[in-house]
Amino acid sequence: MLFRLSLNTPKFEVFRLLNAELLHFLEHSLNKNDFDRGLFTQGDIGQSCWDNARENDARATKDLTRDKFEKLFIALNQSGEAIKRQLFEAMRDQQNMRDFFTAPNRDLLLFLPQPCFVALKKVATHLYCATKDLGPIIAASGGSDIMSHFNAFRAHAVNGNVCKACGMEKLAVFRAGVVDGDQWRADYDHQLCKSKYPIFAVHPDNLIPLCDVCNQDAKKAKDLFRDSDGHERLTFYPFNEEAKELISIQFENLRDPEPTIKVRWATRDDELLNKLDTWDEVYEIRNRVEGQFRSLEAIIEDEISPMDQAHLEMRIRDEARPKSIDTLKRKEWAFWYQKLFSVLEQIDMSPFIAKWDFVQQQASDGGDYIMND
Ligand SMILES: [Zn+2]
């Protein structure tokens, strides 16, 4: 994460209860041969999972919540008590997400036979994609659905509307004249993707709203703890670690016609470097920033539109001033542009300014030409 999550980030009660339901189910499947209502919690959440079944819903063409649980139960029973116990204990003992990020167990579910893993993944995916939106589940969780949770998450007094992973995009555009429940919302990212870590599919600390670019274009199902070549790596825990103090912007070839802007890491700590590299690879941070900053000339024209050298220098000083926390929560790219201008303030820009005068002169000559034509 570029910015850690706010301490007052609300937990989504529906996820908390569905996560507890899955754990309860695995525990009560031990030493049991029949699939029945007793495998679910006694209250309304258990009842809602039980009631959400094909036989209760004549319109259903696909398996619903209870049916998916039943298939998992059958697969588990076929693999024996030892496997059932190991799965229950794996989930029970890994509920502290912060501990998991500190000492990740990358092969947590490797012991699970393939049919069990597939059935577990189907339950987990269904809980996340479908069960969480069922009316009775929302009612049993205090009436707050995912849209209300999203609105609470991105409230200005909490995290604000800028993506915490990149700082480059809004979570979702806010529309005036539209009630809270009908606003657009960002998708929730599974930090530990549900295809590899299905037992965390509805863990409330594993689900974070991120911008579409981070979640859908860049991250997809990448494993935070192992790169695509299978090498182990570490990653920032979103609730208490962040990259914002560990970044520097550098210029290369400032005397060239088009200087190059690079994002670099401002630390020598091996563990932090490892986490920064993971963050960069997962969300394509450097590619995106360096892509946005590929033309210094265009940035100066777009952000400053200088009248002369004195105006340019004054405006760079302005833009280099640190942004308030409020601005960083509201305005996408604010962190990155401030970083860029604070470096520009420090370096000798005279070669670039000479060129800028030239370009400006050309532009006004071009204008004259068109007017006189
Ligand atoms: Zn983002």
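Residues numbered from 1 in each chain as written. Predicted model: local features only at pLDDT ≥ 70, side-chain atom pairs only at ≥ 80, totals over all residues.

Peer 1: Which residues make up the overall build of the protein, and what values do they have?
Peer 2: The helix and strand tally for the protein stands at 16 helices and four strands. For the protein, the spread of C-alpha atoms along the principal axes amounts to about 85 × 50 × 40 Å. With 373 residues in all, the protein has 33% of them scored as buried. Across the protein, contacts joining residues at least 24 apart in sequence account for 68% of those joining residues at least 6 apart. (Helix = DSSP H or I, 4+ residues; strand = E, 2+ residues; numbered from the N terminus. Buried ≥ 20, exposed ≤ 12 C-beta atoms within 10 Å, placed from the backbone. Contact = placed C-beta atoms within 7 Å.)

Peer 1: Account for the environment of R106, with residues named and values stated.
Peer 2: Among the secondary structure elements, R106 is positioned in the loop between α5 (97-102) and α6 (114-129). You can call R106 partly exposed: it has 14 C-beta atoms within 10 Å. On a C-alpha basis, the gap between R106 and F335 in space is 33 Å, while along the polypeptide they are 229 residues apart.

Peer 1: Describe the confidence of the model for the protein, and please don't skip the residues or the numbers.
Peer 2: Here the protein averages 94 in pLDDT, and 96% of its residues register 70 or above. Predicted confidence is poor over residues 369-373, with pLDDT under 50, and the contacts of this stretch with residues over four places away or in other chains come to zero contacts. (pLDDT = per-residue confidence, 0-100.)

Peer 1: How would you sum up the packing of helix α3 (residues 65-79) against α6? Please name residues and give values.
Peer 2: For the pair α3 and α6, the least separation of the axes is 9 Å and the interaxial angle reads 160 degrees. What the angle tells us is that α3 and α6 run roughly antiparallel. Like other packed secondary-structure pairs, α3 and α6 cross with a definite hand, here left-handed. Packed against α3, whose contacting residues are T65, K68, F69, K71, L72, A75, L76 and S79, the element α6 presents P115, C116, A119, L120, K122, V123 and H126 at the interface. For the contact of α3 with α6, a count of residues per class yields nine nonpolar, three polar and three charged. (Axes fitted to C-alpha atoms, helices over the stretch in contact; angles between N-to-C directions. Parallel < 35°, antiparallel > 145°, perpendicular 65-115°, else oblique. Left-handed = near helix turned anticlockwise from the far one by under 90°. Nonpolar A, V, L, I, M, F, W, Y, C, P; charged D, E, K, R; others polar.)

Peer 1: Help me get a handle on unusual backbone geometry, residues and values and all.
Peer 2: Its identity is not glycine, yet N31 carries a phi of approximately 50 degrees, on the positive side. Mapped onto the fold, N31 is located in the loop between α1 (13-28) and α2 (44-51). Located in the positive-phi region is S305, a residue other than glycine, with phi close to 50 degrees. Structurally, S305 can be placed in the loop between α12 (296-303) and α13 (309-320).

Peer 1: Pulling in residues and values, what's your account of α3?
Peer 2: An α-helical turn contains 3.6 residues, so any two residues separated by three or four positions project in the same direction. Between its first and last C-alpha, α3 extends 22 Å over 15 residues, near the 21 Å set by a 1.5 Å rise per residue. Along α3, the residues classified as buried are T65, R66, K68, F69, L72, F73, A75 and L76. Two residues or fewer past α3, G80 is found with a positive phi of approximately 100 degrees. (Expected span 1.5 Å × (residues − 1).)

Peer 1: Would you mind going over the environment of R16 in detail, with residue names and values included?
Peer 2: Position of R16 relative to the elements: it lies in helix α1. A tally of 15 C-beta atoms within 10 Å means that R16 is categorised as partly exposed. In this structure, the C-alpha to C-alpha distance between R16 and S141, residues 125 residues apart in sequence, is 9.1 Å.

Peer 1: Explain the nonpolar core to me, and be specific about the residues and the numbers.
Peer 2: One finds L72, C163, A165, C166, C214 and Y283 to be the most contacted residues of the largest nonpolar core, which totals 77 residues. Here this core gets seven residues from one element, more than from any other, and that element is α1. When residues are assigned to domains, this core turns out to be shared by domain 1 (13-219) and domain 2 (244-357), each giving three or more. In this structure C166 touches L2, C211, V213, C214, Y283, I285 and R288, once residues within four positions along its chain are discounted. (Core = buried A, V, L, I, M, F, W, Y, C linked by C-beta atoms within 7 Å. Domains from an automatic or database assignment.)

Peer 1: Any details on α1? Residues and values, ideally.
Peer 2: For α1, spanning 16 residues, the distance from its first C-alpha to its last is 22 Å, which sits close to the expected 22 Å at 1.5 Å a residue. Among the residues making up α1, those that are buried are V14, F15, L17, L18, N19, E21, L22, F25 and L26. As for α1, its buried residues are in contact with α2, α3, α4 (81-93), α6, α7 (135-140) and β2 (207-209).

Peer 1: How would you sum up the domain arrangement of the protein? Please name residues and give values.
Peer 2: Splitting the protein by domain gives domain 1 (13-219) and domain 2 (244-357). Computed over C-alpha atoms, the centres of domain 1 and domain 2 are 39 Å apart. Domain 1 puts 13 residues into the contact, and the matching count from domain 2 is 13 residues.

Peer 1: Talk me through the environment of M314; I want residue IDs and the actual numbers.
Peer 2: Looking at the element boundaries, M314 is found in helix α13. Separated by 10 residues in sequence, M314 and I304 place their C-alpha atoms 9.9 Å apart.

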